[in-house]
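# Summary of structural features
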Amino acid sequence: METFIIDVPVPSMGATVSELNVIVVKIQPGDRVTKGQRMGDLESDKSTFEFESPCDGIVVSVPAQPGETLESGQLFCQIETSDESQRHLAAKSAPATGVGAVPSTPKPAVALIWTPRATKLAQEAGLDPAKITDIEATGPGKRVSGDDVVSYLAKRKS
C-alpha cells in the first residue's frame, strides 16, 4: 500500500480561540502511532486537552515543542501513513526541518531551537534552518523566532 506524508495541524478550538500552548509532546520522529493515540497536551485560555493522532503511521517530524504558543492550523507534526481518509492533509512540501525533525545534515555544535514560523520563513527564503548558525535567537527560551528570521534576511540583503 502506498504511503504519503501528512501535515497534522494544531486544531481550531472555535471562533474565540486562535492560539494554543503546547504543554506536553509525547511523540518524536521515528515513533509509530495509532489512530487516537495521545501525541501531546494543548492548552487554551479556557481548557487543556489531549491531542490525538488522526491515523496510524510513523512520525516524520515534530516541530511543535513544549512551551510554544501555536496558532490554530500551524504544523504540530508530520506523519507517514497509508490511511487514504487523511489524503486531504497530504504534505504540500518536503518533511519539516528544524526542532523535532529528522535531521538530514549535522546540527551545529550549539543547536538552535526554531519556532515553526521561523522554520517556515527560512525555508520560504530558500534556506535550511539546520545550516544557519549565525542568527540571533531572541524569542522566548532563546528560540529563533519569525522576527529573528526577518531581521537575519534583512541583514543578508544589505
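Below or above, wherever it landed, is the structure these notes cover. (Residues numbered from 1 in each chain as written. Predicted model: local features only at pLDDT ≥ 70, side-chain atom pairs only at ≥ 80, totals over all residues. Heavy atoms only, no water.)

### Side note on the sheet that holds strand β3 (residues 32-33)
Pairing is antiparallel in the open sheet, where four strands are placed in the order β1-β8-β6-β3. The outermost strands of the open sheet, each flanked by one partner alone, are β1 (4-9) and β3. (Pairing = 2+ DSSP bridges. Helix = DSSP H or I, 4+ residues; strand = E, 2+ residues; numbered from the N terminus.)

### Considerations on the sheet that holds strand β5 (residues 48-52)
Strand order in the open sheet formed by four strands is β5-β4-β2-β7, with antiparallel pairing between adjacent strands. Every other strand in the sheet has two partners, leaving β5 and β7 (69-71) as the edge strands with one partner each. For this sheet the average axis-to-axis angle between neighbouring strands, irrespective of direction, equals 40°. When strand β2 (residues 19-25) meets strand β4 (residues 38-43), the two strands line up antiparallel, connected through four bridges. Bridging from a neighbouring strand, valine 24 pairs with aspartate 41 of β4. (Axes fitted to C-alpha atoms, helices over the stretch in contact; angles between N-to-C directions.)

### Looking at the nonpolar core
Ile27, Met39, Leu42, Phe76, Cys77 and Ile79 are the most contacted members of the largest nonpolar core, which has 22 residues in total. Mapped by element, the contributors of at least two residues to this core are β1, β2, β4, β5 and β8 (75-81). If sequence neighbours within four positions are ignored, cysteine 77 has contacts with Ile6, Asp7, Val8, Ile27, Met39, Ser61, Val62 and Pro63. (Core = buried A, V, L, I, M, F, W, Y, C linked by side-chain atoms within 4.5 Å. Buried < 20%, exposed > 50% of the residue type's maximum accessible area, 1.4 Å probe, protein only. Contact = heavy atoms within 4.5 Å.)

### Digging into the pairing of β1
The alternating pattern of β1 places Phe4, Ile6 and Val8 on a buried face and Ile5, Asp7 and Pro9 on a face that is not buried. As judged from the six bridges shared by β1 and β8, these two strands associate in the antiparallel manner. Across the sheet, residue aspartate 7 finds its bridge partner in β8, namely glutamine 78.

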